[in-house]
Amino acid sequence: MPKLMNSKQVLVTGGAGFLGSHLCDALIADGVDVICLDNFFTGNRHNVTHLLDSPSFELMRHDVCFPLYVEVDEIYNLACPASPIHYQHDPVQTTKTSVHGAINMLGLAKRVRARIFQASTSEVYGDPDVHPQREDYWGKVNPIGPRACYDEGKRCAETLFFDYYRQHRLLIKVARIFNTYGPRMHPNDGRVVSNFIRQALHGEPVTIYGSGEQSRSFCYVSDLIDGFMRLMKTRDDFIGPVNMGNPNEFTMLELAEKVIALTGSKSRLIREPAPIDDPRQRQPDITLARKELGWEPKVQLEEGLTRTIEYFDQILTRGNNPD
Ligand code: NAD
Ligand code: UDP
Ligand code: UDP
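Residues numbered from 1 in each chain as written. Chains lettered and ligands numbered in written order. Predicted model: local features only at pLDDT ≥ 70, side-chain atom pairs only at ≥ 80, totals over all residues. Heavy atoms only, no water.

## Digging into the packing of helix α5 (residues 192–201) against helix α7 (residues 252–263)
Just so we agree on the cut-off: Every axis corresponds to a line fitted to the C-alpha atoms, with the helix fit spanning only the stretch in contact, and the corresponding angles, defined between N-to-C directions, vary from 0 to 180 degrees. Strands here are runs of E lasting at least two residues and helices are runs of H or I lasting at least four, both read from the DSSP assignment and numbered beginning at the N terminus. Working rule for angles: under 35 degrees goes down as roughly parallel, over 145 as roughly antiparallel, 65 to 115 as roughly perpendicular, anything else as oblique. Crossings are classed by handedness, with left-handed meaning an anticlockwise turn of the near helix from the far one by less than a right angle and right-handed meaning a clockwise turn. Residue contacts are defined here by distance: any two heavy atoms, one from each residue, within 4.5 Å place the two residues in contact. Residues are grouped as follows: Ala, Val, Leu, Ile, Met, Phe, Trp, Tyr, Cys and Pro are nonpolar; Asp, Glu, Lys and Arg are charged; every other residue, Gly included, is polar.
Two elements in contact, α5 and α7, have axes separated by 9 Å at closest approach and are oriented at 40°. Relative to α7, the element α5 is oriented oblique. The handedness of the crossing between α5 and α7 is right-handed. Counting all contacts with α5, which are made through Val-192, Val-193, Phe-196, Ile-197, Ala-200 and Leu-201, the residues of α7 involved are Met-252, Leu-255, Ala-256, Val-259 and Thr-263. Classifying every residue of the contact of α5 with α7 by side-chain character gives 10 nonpolar, one polar and no charged.

See below:
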């Protein structure tokens, strides 16, 4: 049977990453054809090997910084390293991926008249003075600090999306994603959920950066992917930006306690210096997503952590990839 037979063709950039691979799963289940594009910088082909036999799935190695000519109906643009240690590893490349990647994917969308979704981020709000964050808050971002390659890259990508919308009438959908976690997170990505679970499972000290009183709001991956697909299906004149995240907010100390309790670990807490420009607080106001997408997260932290711990336990202690 020839590959890619369904009526709708969907391109997912960054499709072999954490979020991208879950999105590919959900799109295939929804009955569309998926082209999964990735340069495997932080993503991993193991995340999508279970899809390789599907006649609706195609995996393509490509860097979004270079032009791409394919015929598709929808584009989800997720390509970009997302964790601080990954995006700070080669900051120039991070900005290029966000900016050149957006230009190329927008150029592609313009040529084939595809709908295009952008995975933007709560980092556009920086270290926010307004709490919780609403979409009309312009943010407080340091343009020259070590996080700027990511924050400003994503802000510039939003600018490009809105200019292509105004100038070329493109059908854009911009989501501002807040911290999301779940199976297939990279165990060494340095993000707080993966660090704490890995450390707790190995009985190593759990690293609290700074006071531990800084807060984040954690969304489970299946909720987020449901939100992405709802956003793509909204009426043409709903373009975002729209916050997507779980509004339940926790301090890093509270998160550490939960992970230690759920893993039954004997790990203790140790303090390490706070990273430069580490946002003190973050919580999405999701009023707009509730109203326009009829969406809100369903999976709460303990349940999501339990599933994520199960996954990490499989890959770290038993060497299995559960997929
Ligand atoms: P991830 O690192 O697992 O996925 C990113 C994917 O993009 C990887 O597979 C990577 O190999 C690929 N990639 C990177 N540069 C590329 C390039 N130049 N060309 C092609 N592919 C490239 O991270 P994730 O958590 O799945 O994040 C996906 C998207 O969502 C990113 O754009 C990220 O900024 C955004 N986001 C994620 C979160 C979160 O909490 N996970 C929060 C806000 C925004
Ligand atoms: N582009 C692409 N695939 C396409 C069409 C365009 O990768 O199918 C790239 C192209 O290389 C260009 C960018 O998208 O650099 C922006 O395209 P656009 O048409 O907006 O601008 P222009 O080609 O005029 O620079
Ligand atoms: N953090 C921590 N210990 C770790 C990793 C992170 O205390 O081992 C803190 C970090 O300083 C930040 C929060 O957890 O305040 C979330 O960090 P992460 O890198 O996951 O995401 P982001 O800062 O991009 O929201």
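## Things to note about the layout of surface pockets
Rules: Note on definitions: the grid is 1 Å and covers protein atoms alone; a cavity is a set of points where a 1.4 Å probe fits but cannot get out; a pocket is an open set with protein on both sides within 12 Å along at least five of seven lines; lining residues have an atom within 4 Å of a point. Grid points are joined across faces, edges and corners, and a volume is the space filled by probe spheres set on the points.
The computed volume of the second largest pocket comes to approximately 210 Å³. Together, Val-124, Tyr-125, Glu-135, Tyr-137, Trp-138, Arg-155, Glu-158, Thr-159, Phe-162, Arg-176 and Pro-241 line the second largest pocket.

## Observations concerning the sheet that holds strand β1 (residues 9–13)
Spelled out, the test is: Here a strand pair is declared whenever DSSP counts at least two bridges between the two strands.
Sheet architecture is open: seven strands sit in the order β3-β2-β1-β4-β5-β6-β11, paired in parallel fashion. For this open sheet the edge positions go to β3 (57–61) and β11 (242–244), each flanked by a neighbour on one side alone. On average, adjacent strands in this sheet sit at an angle of 20° to one another, irrespective of strand direction. Sheet contacts for helix α4 (residues 148–168): β5 (115–121) and β6 (172–177); angle to β5, the most-contacted strand, approximately 155°.

## Section: α7
So the rule is basically this: For a helix, the expected span equals 1.5 Å multiplied by the number of residues minus one. Accessibility here uses a 1.4 Å probe with only protein chains present; expressed as a share of the type maximum, an area under 20% marks a residue as buried, one over 50% as exposed, and anything in between as partly exposed. Arc, as used here, means the arc of the directions from the helix axis to the C-beta atoms.
Compared with an ideal rise of 1.5 Å per residue, which puts 12 residues at 16 Å, α7 spans 16 Å between its outermost C-alpha atoms and is within 8% of the ideal. Every buried residue of α7 is accounted for by Met-252, Leu-253, Leu-255, Ala-256, Val-259 and Ile-260. The buried residues of α7 occupy one face: seen down the axis, they fall within an arc of 160°. Exposed and facing more than 90 degrees away from the buried side of α7 are Glu-257 and Ala-261.

The values are spatial; any link to function lies outside them.
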